[in-house]
Protein chains: 2
Amino acid sequence: MAHIALPPEFPGIIGPLAAYRDTEKHLDGLANALMCGPSSLTKAERELIATYVSSGNECYFCTNSHAAVARHLLGEKQHLVADILADAATAHIDEKLRALLVIAGKVRKDGRLVTAEDVAKAREHGADDRAIHDTVLIAAMFCMFNRYVDGLATWTPRDPQVYEEIGARIATKGYGSRFRESS
Amino acid sequence: MAHIALPPEFPGIIGPLAAYRDTEKHLDGLANALMCGPSSLTKAERELIATYVSSGNECYFCTNSHAAVARHLLGEKQHLVADILADAATAHIDEKLRALLVIAGKVRKDGRLVTAEDVAKAREHGADDRAIHDTVLIAAMFCMFNRYVDGLATWTPRDPQVYEEIGARIATKGYGSRFRESS
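Residues numbered from 1 in each chain as written. Chains lettered and ligands numbered in written order. Predicted model: local features only at pLDDT ≥ 70, side-chain atom pairs only at ≥ 80, totals over all residues. Heavy atoms only, no water.

A separate point is the nonpolar core. One finds Met141 and Met144 of chain A together with Met141 and Met144 of chain B to be the most contacted residues of the largest nonpolar core, which totals 125 residues. Other than its neighbours up to four places away in sequence, Met144 of chain A contacts Leu27 and Leu30 of chain A together with Leu30, Leu137, Ala140, Met141 and Met144 of chain B. (Core = buried A, V, L, I, M, F, W, Y, C linked by side-chain atoms within 4.5 Å. Buried < 20%, exposed > 50% of the residue type's maximum accessible area, 1.4 Å probe, protein only. Contact = heavy atoms within 4.5 Å.)

Tallying each qualifying case throughout the model produces six aromatic pairs over all chains. Measuring from ring centre to ring centre gives 5.2 Å for Phe142 of chain B and Phe145 of chain B, while their planes differ by 80°; the resulting arrangement is edge-to-face. Taken together, the positions of Phe142 of chain B and Phe145 of chain B, both in helix 8 (residues 129–151) and three residues apart, correspond to about one turn of that helix. Among the aromatic residues, ring-to-ring pairing joins Tyr60, Phe61 and Tyr163 of chain A into one connected group. Across the ring face of Tyr60 of chain B, the terminal group of Arg158 of chain B is positioned such that the distance to the ring centre comes to 3.8 Å. (Phe/Tyr/Trp six-rings, centres within 6.5 Å; stacked < 30°, edge-to-face > 60°. Helix = DSSP H or I, 4+ residues; strand = E, 2+ residues; numbered from the N terminus. Lys NZ or Arg CZ within 6 Å of the ring centre and 35° of its normal.)

This part covers the relation of the copies chain A and chain B. Each copy superposes on the other: chain A lies on chain B with an RMSD of 0.0 Å after a rotation of 180° and an axial shift of 0.0 Å. This pairing of chains is accounted for by a two-fold axis. Looking at chain A, 100% of its interface residues are interface residues in chain B too, so the copies touch through the same face. (Least-squares fit on C-alpha atoms with pLDDT ≥ 70 in both.)

Time to look at the environment of Arg147 of chain B. Tracing the backbone through its elements, the reader meets Arg147 of chain B in helix 8. Apart from the residues within four sequence positions on either side, Arg147 of chain B is in contact with Val107, Arg108, Lys109, Gly111, Val136, Ala140, Cys143 and Arg147 of chain A together with Asn57 and Leu152 of chain B.

On to unusual backbone geometry. Residue and element names in this part refer to chain A. A positive phi angle, close to 55°, is found at Glu58, a residue other than glycine. Locating Glu58 in the fold gives a position in the loop between helix 3 (43–56) and helix 4 (60–74). Positive phi is not limited to glycine here, since Ala153 has a value of about 55°. By secondary structure assignment, the location of Ala153 is in the loop between helix 8 (129–151) and helix 9 (160–173).

Tallying the contact residues gives 41 residues for chain A and 41 residues for chain B. Carbon and sulfur atoms supply 65% of the area buried between chain A and chain B, which totals about 3600 Å² over both sides. When the buried surface of chain A facing chain B is broken down by residue, His3, His133 and Arg147 of chain A rank first, second and third, together holding 19% of it. Remark: the boundary between chain A and chain B carries four salt bridges. Where Asp22 of chain B meets Arg130 of chain A, a salt bridge forms, and the shortest distance between an N and an O atom there is 3.1 Å. One can count 18 residue pairs in polar contact (both at pLDDT 80 or more) joining chain A with chain B. Going through the elements one at a time, helix 2 (21–36), helix 6 (95–109), helix 7 (116–124) and helix 8 of chain A are the ones with two or more residues in the side of chain A that touches chain B. Examining the composition of the side of chain A that touches chain B, we find that 14 residues originate from one element, helix 8 of chain A, more than from any other. (Buried area = accessible area lost by both parts, 1.4 Å probe. Salt bridge = Lys/Arg side-chain N within 4 Å of Asp/Glu carboxyl O. Polar contact = N/O pair within 3.5 Å; in protein donor to acceptor, adjacent residues only side chain to side chain.)

This is the structure we're talking about:
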């Protein structure tokens with residue numbers, strides 16, 4: 001049971017987003033800008049970073065939701081999601097993304113762990129300032145989302161279909177679309 | 001030196017906020033809604049939670065900035081900022097705030113650490129759902145801000161006057177006012 005009263009029909013972060021709309025507006029606005037807006041990273045790369053960070057934080061709801069978004073975006077390469085979660089160091093991804101996942105993993109633990117060498121390695125493989133900025137902020141933002149979900153003990157369905165539906169919705173309509181449609 | 005090019009005149013988070021305005025808008029909107037908008041917590045209580053979390057994450061820029069905001073809001077009780085940072089368990093604060101700081105400290109480490117007993121204790125001392133929600137989201141949000149600041153290795157001035165000015169500005173004008181004034 002969640003630590004506060006939340007609408008019972010909504011799993012995970014959707015509960016507190018629905019109940020606290022004055023912050024929902026900005027949380028969804030931020031997620032849309034960062035995950036779906038202009039960037040030198042593809043939407044799939046950004047969702048893989050989000051999934052990797054959420055998995056590191058062991059947030060079941062966020063990991064499964066963003067894994068589903070990433071699979072929808074990746075199409076026939078959707079196996080990369082499971083590959084990265086199994087072992088990002090050996091997954092068949094390009095070296096730019098691998099270097100960015102290293103940065104994201106360090107930001108997840110403590111931002112001060114990111115070194116000039118980590119950043120130089122990402123740049124060698126094609127990451128620009130925007131990619132580095134977005135990687136750091138995506139990792140930081142999911143450290144917030146993961147804690148919002150788990151710190152309130154929100155409802156965590158175990159039915160994979162729930163996450164497939166969330167993944168399809170976000171991949172096609174972006175973040176917060178359920179609130180924009182209903183308002 | 002920061003890991004990416006940032007405007008050199010801005011310390012800490014203000015650098016990436018100024019350089020990446022598409023996310024700045026939502027980050028400042030979120031901070032304003034949560035820290036300055038309607039809540040069952042006072043603005044000073046919210047800034048004390050922000051300072052406590054940032055101190056736990058050892059983020060020099062955020063700790064000193066929000067300690068200054070809290071001092072401005074607390075007036076003659078401004079010693080509470082240093083008292084809480086020295087030892088929240090013995091500081092002369094009311095038991096509601098002490099219980100909320102326990103929750104915030106756990107969210108900082110891992111949201112799953114928050115127990116039903118932690119929440120019940122906060123309720124016994126007068127915290128309502130809104131106070132618990134806002135405490136969890138403030139702690140989560142500062143886990144994001146701290147990582148954004150430190151993960152990009154932003155400029156961290158050591159001159160206390162810099163933080164006094166940031167504190168006075170936020171306490172009187174809210175978050176993001178420097179961008180709203182100039183745009």
